[in-house]
Structures are given as C-alpha cells and as structure tokens.
Amino acid sequence: MSPVLNVGVVGTGIFAKDRHLPSYQEMPENFKVVAAFNRTKSKATEFAKLAGLPDSKVYDNIEEILNDKDVDYIDALLPVQFNVDTVKKAIAANKPIILEKPIAANMKQAREMVKLAESTPLPIGIGENWLYLNCIDEAKRHLERIGPIVAFTHNSTGPFVSNNKYLATAWRQNPEHIGGFLSDGGVHQLALVTDLVGEFESVSALTSQVRKESGTDDIAFATVKIRNSNIIGTFTYGSAFGASEKSVWLKIYGVNGSIIVDVSNKNEPVVKVRVGSFAETASEEEVHKVPFDESFGVNAEFLNFYEAVAKKDKTLLKSTPKVVFHHLACVAAFLESSSKSGDHVKVETL
Ligand SMILES: NC(=O)c1ccc[n+]([C@@H]2O[C@H](COP(=O)([O-])OP(=O)(O)OC[C@H]3O[C@@H](n4cnc5c(N)ncnc54)[C@H](OP(=O)(O)O)[C@@H]3O)[C@@H](O)[C@H]2O)c1
C-alpha cells in the first residue's frame, strides 16, 4: 500500500486555507496535514483548527516545522521573494518542498532556484497548477489532427475586481516580484500556452499600468516567436479593465485546422476543434467538454508531487524549477521589451 505523506504547511494565508487544505482533505489516502507555521501565529492556529491539528503542531518558526520528524515534506505558500531562502532551509533539513508560483521574485532568484533544485536529490516543486489542467491533455489529443502549427493567439482579459481578496494582500499591492500581477497571474497562462505551443524565443511587448492598486504594470500585449520553429503568435493578458466579459482562451492555428482551448468559465472548460485544409473542406466544429475539476489542477499537481516524494524520484516531477523558469522569463522579456518601446527581445534561457 502507498504511504500517506505527512505535510507541513508554511504560510497559512488565503490560498493555503481556501485551496491547499481542501485538496489535501479530498485525498486522505495520500496526504495528511500534520503541522503548520505562519508568521502571524493566530492565522496558523485558525488553520490548525480547520486541519484538526493539536496546538503542539502549530510552530513559532520555520526551523521547528522543518525539524519535525513527522513532517515528510513542506508545502510553502509565501510571497515569492521568500521562495529561494525557504528552499535553502528545506534542503538543509533534508525535506522535499513544493512552493507556490511564480518560481521567484526575479530572474536572478529564478536561476538560483534552478541551481538549488539541481543540487539535491530531493524533489523541489513549484505549484503551477495550470500545467496540470485537463484541457491541456484534451487539446494535446487533437494537435496532430490540425497539422503543423503555424500561429496562435492567446487572450486572458477581464474586468478589474475591486474587492478581490488576493488584491488586498499588502505584498501584492507593493510587489517585490517583477511584473506584479503580470507574473502573479500571468505565469498560469504562460504555462498553458507554452505547454501546447512551445517555448517563447523572442517577444515584442508593451505593458502598462491601468490600476494604481496593482502597484505596477498590470496589462501586457505581446507578439511572440516560438523557439526553433516558424510559429508566431500573440499573447494578451490583463484583468485591470472596466466592465468586460472574462475571456480566457488560446487559439492554435494549423495548416489543417484549428483548436480553441477556452477556460473563460472555470467550471466548464472546453476544447473546440475544426479540421480541414481549406474553407471548402472544413469540418463542423467539434466541442470536447473537459471534466470539471474544482481544484483547477491543484489535486493533480499534488498527486504528481506525491509520486516524486513517495518514490524518492525527482525526475517524476512535472512542474520543476527548470520547466517553470521559462514562464517568469517570458514576463521579464515583456517588461524589458516594453522598456525599449516594444523592441523585439530574446527570452532568457538557462
Ligand atoms: N496557484 C494559484 O492559483 C495561487 C492562487 C493564490 C495564491 N497563490 C500563491 O500562494 C502564495 C500565498 O498567496 P496568498 O494569496 O495565500 O497570500 P496571503 O494570504 O498573503 O499568504 C501569504 C502568507 O505568507 C506570509 N508572509 C507574508 N510575509 C511574510 C514574511 N515576511 N515572512 C514570513 N511569512 C510571510 C503571510 O503571513 P502573515 O499572516 O503574517 O501575513 C501569509 O500567511 C503566493 O505564493 C501566491 O502566489 C497561488
């Protein structure tokens, strides 16, 4: 029988309470939350009540939770400028760790994170749950049918939500992470797009700040060339607009058809396919519904991390620092290009 892994949660804020804990509780055959630490202890105590933890498992500092022999791995949900230091401490304590996205606050730290992950046999995961969306698997089933990909367009836009609880966090309003919301949210869309279309080689982008509450630029419009290919495309991102429908989709154009991956409605993601080389031979649009996943990839992400930890094999991990480095590198390239009035710039590689 597979073991139940004991999880120590570091940073018991909104996402820990609203998503990570419910996901662990939905999979009791794999996971048990056994300890918690948070800078403000009252929030860890509140989290402990929900998780059914005794007071003795609510710690006063990160060292105590790292040294708890009952803890098999650490799940850290902190402002991402703390990711590198937290990983260093986890490696020193010989504990695997999964950290929330983006990989780090800037490219220097992102590079350091990749090196740290390479320096240890311990699984080091970055929680990029969009890499685990069912709609990606569904779209991949049809990619060959549309022939060689030649272009794509991605749109993730929506109205500004003024009472958004995530926006209210001080570290988002005064971001130390590059691009603020462009990296906080944008790495998700970049995971979806690059997993299906390929890595971005170079970009020409303009970014701008629409809302003062965002703390920095909050919209990006880019044209893109895909690495080692002739594929070109566009990437549009921003939830800082006035009234507008929430619209999140990727359209992939091939020489023999097209695919739309539409996640505008998280409860009903859909993959639409048209096949045919010409207007005259085009098939009817096929609509492939994707199974509803309330966790939006988080459960699958945890199960992937479970495999790597239980089998002590970090090569089983999908969302490694090496893979997700690229997503932050794209945001960095958007910002660099915009600072040069939209000049085409290379996306940093490892
Ligand atoms: N994958 C997703 O879809 C998704 C969605 C939301 C969030 N996230 C990620 O989850 C993480 C947490 O985000 P959140 O929305 O839950 O924010 P949050 O509620 O503000 O949680 C952040 C936690 O970090 C702690 N913290 C802040 N500054 C600290 C410091 N200087 N030293 C130690 N601890 C500190 C906070 O402690 P205090 O209680 O003392 O402030 C809080 O518990 C972030 O990395 C975010 O990117 C991911």
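Residues numbered from 1 in each chain as written. Predicted model: local features only at pLDDT ≥ 70, side-chain atom pairs only at ≥ 80, totals over all residues. Heavy atoms only, no water.

## Details of helix H1 (residues 14–26)
Then, number 1: For H1, with 13 residues, the first-to-last C-alpha span of 18 Å sits near the 18 Å given by 1.5 Å per residue.
Then, number 2: Of all the bends found along H1, the most pronounced is centred on His20 and spans about 30 degrees, while Pro22, a proline, follows it within four residues.
Then, number 3: Buried residues of H1: Ala16, Arg19, His20, Leu21, Ser23 and Tyr24, and no others.
Then, number 4: Buried residues along H1 sit against strand E1 (5–10), strand E2 (31–37), helix H2 (41–51), strand E4 (73–76), strand E5 (97–100) and helix H10 (298–310). (Helix = DSSP H or I, 4+ residues; strand = E, 2+ residues; numbered from the N terminus. Expected span 1.5 Å × (residues − 1). Bend = angle between axes of the 7 residues up to and from the residue. Buried < 20%, exposed > 50% of the residue type's maximum accessible area, 1.4 Å probe, protein only. Contact = heavy atoms within 4.5 Å.)

## Brief notes about the pairing of E5
Then, number 1: Residues Ile97 and Leu99 point to one face of E5 and Ile98 and Glu100 to the other, with burial holding for every one of them.
Then, number 2: Bridge analysis of E4 against E5 gives three bridges, and the strand direction is parallel. Counted as the bridge partner of Ile74 is Ile97 from E5.
Then, number 3: The β-α-β motif built from E4, the intervening helix H4 (residues 83–92) and the parallel element E5 has right-handed crossover chirality.
Then, number 4: By the bridge criterion, four bridges tie E5 to strand E6 (residues 124–127) in an arrangement that is parallel. Bridged to Ile97 within E6 is Ile124. (Pairing = 2+ DSSP bridges. Right-handed = clockwise from strand over helix to strand, strands pointing away.)

## Some words on the packing of H1 against H10
Then, number 1: At a minimum axis separation of 10 Å, H1 and H10 run at an interaxial angle of 60 degrees. Judged by the twist between their axes, the crossing of H1 over H10 is right-handed. Contact residues: H1 offers Phe15, Arg19, His20, Ser23, Tyr24 and Glu26, while H10 offers Val298, Asn299 and Phe302.
Then, number 2: Looking at side-chain class alone, the contact of H1 with H10 contains four nonpolar, three polar and two charged residues. (Axes fitted to C-alpha atoms, helices over the stretch in contact; angles between N-to-C directions. Left-handed = near helix turned anticlockwise from the far one by under 90°. Nonpolar A, V, L, I, M, F, W, Y, C, P; charged D, E, K, R; others polar.)

## Regarding the domain arrangement of the protein
Then, number 1: If you check the domain split of the protein, you get domain 1 (5–128 + 296–316) and domain 2 (131–294 + 329–346).
Then, number 2: Each of domain 1 and domain 2 has a C-alpha centre, and these two points are 27 Å apart.
Then, number 3: Of the residues lining the interface, 18 residues belong to domain 1; the matching set on domain 2 comes to 21 residues.
Then, number 4: Summing both sides of the interface, domain 1 and domain 2 together bury roughly 2,000 Å²; the carbon and sulfur share of this comes to 63%.
Then, number 5: Among the residues domain 1 hides against domain 2, the three largest losses belong to Ile14, Glu128 and Phe296. Together they make up 37% of the total.
Then, number 6: Run the count over domain 1 and domain 2 and you get two salt bridges.
Then, number 7: A salt bridge links Lys165 to Asp18; the shortest N-O distance between them is 2.5 Å.
Then, number 8: Linking domain 1 to domain 2 there are eight residue pairs in polar contact (both at pLDDT 80 or more).
Then, number 9: When residues in the side of domain 1 that touches domain 2 are grouped by element, the largest group, four residues, is from H1. (Domains from an automatic or database assignment. Buried area = accessible area lost by both parts, 1.4 Å probe. Salt bridge = Lys/Arg side-chain N within 4 Å of Asp/Glu carboxyl O. Polar contact = N/O pair within 3.5 Å; in protein donor to acceptor, adjacent residues only side chain to side chain.)

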